[in-house]
Amino acid sequence: MTSPIKLYRNPKSGHCHRVELMMSLLDVPYETVDLDMANGAHKAPEYLAISPFGQVPAIDDDGTTLSDSNGILIYLVSKYGDDAQWLGKDALEKAQVQRWLSVAAGEIAAGPCAARLVTVFGANFDHEAVMAKAHDLFEIIDAALNKKTFLVAERLTIADIAGYSYIAHAPEGGVSLYRYPNIRAWLSRIEAEPKFVAMAKSPIPEGA
């Protein structure tokens, strides 16, 4: 690496935070570039050349550009980390990691992420419906974490990194974590990592 990785982001995006957290845990030098998305910076031609869908995050690693947060996680650990540690040590672990990446792109995006988009960014979703999806999901994840340290193994994998940000910040979307002690313990374990970096906080609605 000849220069820090550039991370194009919105500082309140969980998709961006999972990438920043991964780089910090890997001790990869990076610098953040905050896009003025309210004024369309993510749709500018020069940014679309990096991220064709006009989404954050995207990275520029010494001329290698990539978008999509889960894809970036795989790139980072494959280039700068230990593949087996982060992506799975055997066929079953690899499959389980992939399953949780699918959950991050599916159920997490449709539940706690969507609920937070309503309260933080004013998105036009049915807030009650997406909060209900979040709670249905959290029941499953809380059960999956019963007597387990992390989602896949007794160590962090990218499954945990992909899931962390929107689950940790679910209360900002009105989704309380009070009923999910296993999730709360899991979040605390991730936050106890020596190189953990937090995402910018937003107000928590009353009652969440």
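Structure first, text after, so check above.
All of the points below concern the structure found in this document. Just so it is clear, the model here is predicted, and its values are computed rather than measured.

What counts and how
Residues numbered from 1 in each chain as written. Predicted model: local features only at pLDDT ≥ 70, side-chain atom pairs only at ≥ 80, totals over all residues. Heavy atoms only, no water. Helix = DSSP H or I, 4+ residues; strand = E, 2+ residues; numbered from the N terminus. Contact = heavy atoms within 4.5 Å. 1 Å grid on protein atoms, 1.4 Å probe; cavity = no way out; pocket = protein on both sides within 12 Å on 5 of 7 lines; lining within 4 Å. Points joined across faces, edges and corners; volume = space filled by probe spheres on them. Nonpolar A, V, L, I, M, F, W, Y, C, P; charged D, E, K, R; others polar. Buried < 20%, exposed > 50% of the residue type's maximum accessible area, 1.4 Å probe, protein only. Pairing = 2+ DSSP bridges. Right-handed = clockwise from strand over helix to strand, strands pointing away. Axes fitted to C-alpha atoms, helices over the stretch in contact; angles between N-to-C directions. Parallel < 35°, antiparallel > 145°, perpendicular 65-115°, else oblique. Core = buried A, V, L, I, M, F, W, Y, C linked by side-chain atoms within 4.5 Å.

A look at the environment of valine 197
Its location among the elements puts valine 197 in the segment after helix H8 (181-191). Beyond its immediate stretch of four places on either side in the chain, valine 197 contacts His17, Glu20, Leu21, Ser24 and Tyr30.

Details of the layout of surface pockets
Empty space within the largest pocket amounts to approximately 690 Å³. Taken together, 26 residues line the largest pocket, and the ones lying closest to its centre are Ser13, His15, Gln55, Val56 and Tyr166. Broken down by secondary-structure element, the contributors of at least two residues to the lining of the largest pocket are helix H1 (14-25), helix H3 (69-80) and helix H5 (91-121). With seven residues, H5 is the largest single contributor of residues to the lining of the largest pocket. Class assignment of the residues belonging to the lining of the largest pocket gives a composition of twelve nonpolar, ten polar and four charged. Considered as a void within the structure, the second largest pocket measures approximately 190 Å³ in volume.

Structural notes on the pairing of strand E1 (residues 5-9)
Along any regular strand, the residues point their side chains to alternate faces of the sheet. Within E1, four of the five residues are buried, which leaves it mostly tucked inside the rest of the structure. Pairing of E1 with strand E2 (residues 30-34) involves five bridges; the strand directions are parallel. Bridge pairing in E2 places arginine 9 opposite aspartate 34. For the crossover that starts at E1, traverses H1 and ends in the parallel E2, the hand is right-handed.

Observations regarding the sheet that holds E1
Taken in spatial order, the four strands line up as E2-E1-E3-E4 in an open sheet, and their pairing is mixed. Two strands in the sheet have a free side with no partner beyond their single neighbour: E2 and strand E4 (64-67). This sheet shows a mean twist of 20 degrees between the axes of neighbouring strands, independent of strand direction. Across the face of the sheet, H1 comes into contact with E1, E2 and strand E3 (58-61) while running at roughly 160 degrees to E1.

Examining the packing of helix H6 (residues 127-144) against H8
Look at H6 against H8: their axes get within 7 Å of each other, and the N-to-C directions meet at 70 degrees. Taken together, H6 and H8 sit at an angle that is classed as roughly perpendicular. Residues Phe138, Ile141 and Asp142 of H6 pack against Pro181, Asn182 and Ile183 of H8.

A look at the nonpolar core
It is characteristic of soluble globular proteins that their nonpolar side chains tend to be buried jointly. By size, the foremost hydrophobic cluster in this structure holds 55 residues, and its most contacted members are Met22 and Ile183. For this core, the secondary structure elements donating two or more residues are E1, H1, H3, helix H4 (83-87), H5, H6, helix H7 (158-168) and H8. Take this core: its biggest share by element is nine residues, from H5. Not counting residues within four places of it along the chain, the set of residues in contact with isoleucine 183 comprises Phe138, Ile141, Asp142, Leu145, Ile167 and Leu177.

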